Amino acid sequence: MKLINQFTIWYLGISIIVFLIGGLLIFYKLESEIDFEQGKELERQLDRYAKKMETLENPERLRKDRLEIKELPADQAMIPFQSGDTLAWHEPLEQIERQVKAGKSYLVNGRHFYMSTYNIMIESNDITETVVQTMVAIFLMLLIFIAVTSRLVSKRILQPFHQSLNRIKNFSFKDNQPLEFEPTKTEEFEKLHDFLNKMSIRLLSDYKVVKEFSENLSHEIQTPIAVASGKLELLLNSPINNQQANWIAAAYNANEKMTKIVNSLATLAKLENQEFEGSQSIDLSRLIADCLKEYEELMGIKNITLHQQLTPSVKIDMHPNMAEMLINNLLSNAIKHNESPGYIYLEVNNKCLIIKNKGPKPTGNVTEYLKRFKKGNPMSESIGLGLSIVQQICRIHGYILDYTFINEEHQITIQLQN
Amino acid sequence: MMKILLIEDQIELSDNITEFLASVGIFCDACTNCFDAQDKLLINSYDSIVLDIMLPDGTGLELIDVIKKNQSKCNILIISAKGSLGDKIEGLELGADDYLTKPFHLAELHARLKALYRRNQLGGSDVLTFNEIQVNPENLQALINQTLLDLTKKEFDLLLFFLTNKDRVLGRQAIVQHLWGDYTDDLANFDFVYQHIKNLRKKICQAGGKDYIETVYGIGYKFNTSPEK
């Protein structure tokens, strides 16, 4: 739900409560005000009657249907003005109605009279109706006004927010530019911008450190490795005894392994740092066919039969090097961990890439193999980074990788569409 | 005798290469920076230049131009730790003949230098002969006592690799790198090397050749010019 809609709903909800309370207040205020004014009016009427009485011989003549005149003993205390409501027969409506009644005593020509009169009250139903109608009208006006203006205003107020969002979306480590925002009048946005700016600077410097580390690692370590391997190569060809040869062989093999680990880790770091930019449309089917040619011979030697089901011209968007890495790692993995005689089943279509191969039962959960340096057979020559690279490539492209072992068969499925 | 100039700033690495090449009969002149390299290029003439990209006073790529101007017949082999495709393409476009990523096997460097030498200086017409074995890299034919061997491309490459590095122990890893390059490197299954060597030996023996290739336990193989049998 959009922020503006949430705001509007909350605002309208609060408005309803305020309008209800306000309506009640107005209702009571209005009613008491009317009663008060009616009472006043009746008092004035009584005052007028009292004045008239002074001029009349017989005050009783004034008495009519709404005016009651009672003579009280002259020594009785004066009754001040009082008003209240009462139920009385209302002639024109021909029914009993709630009426307001007011009374006061007067001294007229030395005689003490108590006069009282009543009048029909304005019905509370009428007041309620008026109040409700007014409130509903105001509420509707508010509703329309808010609906229209909030949209316009929110566009204006949230404009810096959308701008910032765009900047964040376009943020790339490659540009090496921290996030910069135009100053806004909104305090919250300013806080957010400040935070994002600091965070991006931090991210860039962290990224730089990691990148430099992996670059230095892959570059600087190559030379000492090359030196060591060269010396060992020279040593191998010098006069040595069998024991020495074995030692040299062990050192030589360890050195080779180190090269491979460094290379693979550097590749993984490159993948994680998104250094492969510039995706192209790649014909996956053709790439697979080309790679398969390279491996034909190896499969022949290991006595592995290949079953393939390649839908022609399956296109994916990927950096060419990455695509090659993906296929090479999958194929070499399937060959490496196969049996002899064994088989590989390869299928590719627009939805997914499936590679199945016969292989030894894994010791643990197969998904463990996707982690770095996890291998099925600890004695094997491989270093256990191949599938990690495959998984990293899948992660970058949002492909879902699934690894299962069912019926003596390792199966890797990569969903190319999600 | 082949004469090469090595431009490499890592003294240890440079020593390894010089020593190795000397042991296979290649004269190797070494220097550690662009400045010295330009001097040497003006005075001497070389068959090949082995060039590192990262040098203390510039990049090796800048030197390619100088080399091409002074010694047009000279081969250039770039060695660089930067396995980046960009460097490789740029180097080859500027006129380098081959590219080798560090760390490499000395035997591999030797084989590449020999191949360049054959291709450019000898016009590819060089036939390697050793006792009863004759190998012609141009038409990919190998003969034992004038009988044509039926070799696959990989087996032929393997034989050539052995003949270039006679009497030297070749690690299995060096053989893998030579035959399959960097990509299949991870496939590190030495069974493959074993299979190829087994087939090659069988084919040579069947054609009446001696069994020169011997296994060096735990390390690799060696083309022994004076087999005991």
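Note that the structure is predicted; figures quoted are calculated from it, not measured.

**Student:** Could you clarify how one ought to interpret the overall build of chain B in this entry?
**Tutor:** Within chain B, the secondary structure is distributed over 8 helices and 14 strands. Put simply, 59% of the contacts in chain B that link residues at least 6 apart link residues at least 24 apart.

**Student:** Whenever I open this one, the interface of chain B and chain A confuses me. Can you help?
**Tutor:** For an interface, size is often stated in terms of accessible area lost upon the parts coming together. If you look at the interface, chain B gives 30 residues, while chain A gives 33 residues. Contributions of two or more residues to the side of chain B that touches chain A are made by helix H1 (11-23), strand E12 (169-171) and helix H8 (190-206) of chain B. For the side of chain B that touches chain A, the leading source of residues is H1(B), giving 5 residues. In terms of residue class, the side of chain B that touches chain A is made up of 12 nonpolar, 9 polar and 9 charged.

**Student:** Would you mind going over the confidence of the model for chain B with me for this structure?
**Tutor:** When pLDDT is low, close inspection of the predicted coordinates is not appropriate. In this model, chain B carries an average pLDDT of 85, and 92% of its residues clear a pLDDT of 70 or more. Across the interfaces of the predicted complex, the ipTM metric reaches 0.80, alongside a pTM of 0.62.

**Student:** Just checking my understanding: could you explain the nonpolar core for this structure?
**Tutor:** Note on soluble globular proteins: their nonpolar side chains tend to be buried together. Counting residues in each nonpolar core, the largest one holds 104 residues, and the members touching the most others are B:Ile4, B:Ile7, B:Ile49, B:Leu51 and B:Ile76. The leading source of residues in this core is helix H7 (residues 320-336) of chain A, at 9 residues. Residue contacts for B:Ile76: discarding those within four places in its chain leaves B:Ile49, B:Leu51, B:Ile64, B:Ile67, B:Gly95, B:Ala96 and B:Asp97. A:Tyr49, A:Met53, A:Tyr106 and A:Met115 belong to the second-largest nonpolar core, a separate cluster that totals 12 residues.

**Student:** Please clarify how the sheet that holds strand E9 (residues 133-136) of chain B should be interpreted in this entry.
**Tutor:** Across a sheet, strands are paired by hydrogen bonds formed along the backbone, either parallel or antiparallel in direction. Residue and element names in this part refer to chain B. In space, the 4 strands of this open sheet follow the order E8-E9-E10-E11, with antiparallel pairing throughout. With one partner strand each, in any of the chains shown, strand E8 (128-130) and strand E11 (147-148) form the two edges of the open sheet. In the sheet, E8 pairs with E9 via 3 bridges, with the strands oriented antiparallel. Within E9, the residue paired with Phe130 across the bridge is Ile133. Against the sheet, helix H6 (residues 153-164) touches E8, E9 and strand E10 (141-144), its axis set at about 115° to E9.

**Student:** Would you explain the pairing of strand E1 (residues 3-7) of chain B in this entry?
**Tutor:** Successive residues of a regular strand alternate their side chains across the two faces of the sheet. Residues and elements named next belong to chain B. The element E1 is largely enclosed, with a buried count of 4 among its 5 residues. Pairing of E1 with strand E3 (residues 48-52), which is carried by 4 bridges, proceeds in the parallel orientation. If you follow Leu5 over to E3, its bridge partner there is Ile49.

**Student:** Please clarify how the UniProt feature "transmembrane region" (unreviewed entry) in chain A should be interpreted in this entry.
**Tutor:** Residues and elements named next belong to chain A. Feature annotation in UniProt places "transmembrane region" (unreviewed entry) on residues 7-28 and 131-153, given in this structure's numbering. Helix makes up 100% of residues 7-28 and strand 0%, and the two end C-alpha atoms of the span are 32 Å apart. Along residues 131-153 the backbone is 100% helical and 0% strand, and the end-to-end C-alpha distance reaches 31 Å.

**Student:** Please clarify how the environment of A:Leu107 should be interpreted in this entry.
**Tutor:** Residues and elements named next belong to chain A. Along the chain, the position of Leu107 falls in strand E3 (residues 95-108). Its 12 C-beta neighbours within 10 Å are what place Leu107 among the exposed residues. Taking the C-alpha atoms as reference points, Leu107 and Ala50, separated by 57 residues in sequence, lie 8.5 Å from one another.

**Student:** Sorry if this is basic, but what is going on with the packing of helix H5 (residues 242-272) of chain A against helix H8 (residues 386-397) of chain A here?
**Tutor:** Describing two packed helices takes the angle between their axes plus the distance from one axis to the other. All names here are of chain A. In the contact formed by H5 and H8, the axes pass within 10 Å of each other and the chain directions differ by 10°. On the basis of their axis angle, the class for H5 and H8 is roughly parallel. Along the contact surface, H5 presents Ser264, Thr267, Leu268, Leu271 and Glu272, while H8 presents Ser388, Ile389, Gln392, Ile393 and Ile396. Class assignment of the residues belonging to the contact of H5 with H8 gives a composition of 5 nonpolar, 4 polar and 1 charged.

**Student:** Help me understand the sheet that holds E1(B) in this model?
**Tutor:** Residue and element names in this part refer to chain B. Reading across the sheet, the 5 strands line up as E2-E1-E3-E6-E7 and stay open at both edges, with parallel pairing between neighbours. With one partner strand each, in any of the chains shown, strand E2 (27-31) and strand E7 (98-101) form the two edges of the open sheet. Averaged over all pairs of adjacent strands, the angle between their axes in this sheet comes to 20°, without regard to strand direction. Pairing analysis gives 4 bridges linking strand E6 (residues 75-80) to E7, with the strands arranged parallel. Looking at E7, one finds that Ser80 is bridged to Thr101. Lying over the sheet, H1 contacts E1 and E2, oriented at roughly 165° with respect to E2.

**Student:** Sorry, what's going on with H6(B) here?
**Tutor:** Two residues of an α-helix separated by three or four positions point the same way, owing to the 3.6 residues in each turn. Compared with an ideal rise of 1.5 Å per residue, which puts 12 residues at 16 Å, H6(B) spans 16 Å between its outermost C-alpha atoms and is within 8% of the ideal. Within H6(B) the residues assigned to the buried category are B:Glu155, B:Leu158, B:Leu159, B:Leu160, B:Phe161, B:Phe162, B:Leu163 and B:Thr164.

**Student:** What should I look at first to understand the packing of H1(B) against helix H5 (residues 106-121) of chain B in this one?
**Tutor:** Residues and elements named next belong to chain B. At a closest axis distance of 10 Å, the pairing of H1 and H5 adopts a crossing angle of 60°. Classified by the interaxial angle, the pair formed by H1 and H5 is oblique. As for how H1 packs across H5, the hand of that crossing is right-handed. Residues Asn16, Ile17, Phe20 and Leu21 of H1 pack against Leu106, Leu109 and His110 of H5. Tallied by class, the residues present in the contact of H1 with H5 amount to 5 nonpolar, 2 polar and no charged.

**Student:** So what exactly am I meant to see when it comes to helix H3 (residues 60-70) of chain B here?
**Tutor:** All names here are of chain B. Buried within H3 are the following residues: Gly60, Leu63, Ile64 and Ile67. Down the axis of H3, the buried set is contained in an arc of 120°. They therefore lie on one face. For H3, exposure combined with an orientation more than 90 degrees from the buried face picks out Asp65 and Lys69.

**Student:** Sorry, what's going on with the confidence of the model for chain A here?
**Tutor:** On average, chain A scores 83 in pLDDT, and the residues at 70 or more come to 96%. For chain A, per-element mean pLDDT is lowest for strand E2 (residues 82-90) of chain A, which scores 75, and highest for strand E8 (residues 342-348) of chain A, which scores 92.

Reading guide: rules and limits
- Residues numbered from 1 in each chain as written.
- Chains lettered and ligands numbered in written order.
- Predicted model: local features only at pLDDT ≥ 70, side-chain atom pairs only at ≥ 80, totals over all residues.
- Helix = DSSP H or I, 4+ residues; strand = E, 2+ residues; numbered from the N terminus.
- Contact = placed C-beta atoms within 7 Å.
- Nonpolar A, V, L, I, M, F, W, Y, C, P; charged D, E, K, R; others polar.
- pLDDT = per-residue confidence, 0-100.
- Core = buried A, V, L, I, M, F, W, Y, C linked by C-beta atoms within 7 Å.
- Buried ≥ 20, exposed ≤ 12 C-beta atoms within 10 Å, placed from the backbone.
- Pairing = 2+ DSSP bridges.
- Axes fitted to C-alpha atoms, helices over the stretch in contact; angles between N-to-C directions.
- UniProt positions renumbered as here; feature names shortened; annotations may be inferred.
- Parallel < 35°, antiparallel > 145°, perpendicular 65-115°, else oblique.
- Expected span 1.5 Å × (residues − 1).
- Left-handed = near helix turned anticlockwise from the far one by under 90°.
- Arc of directions from axis to C-beta.

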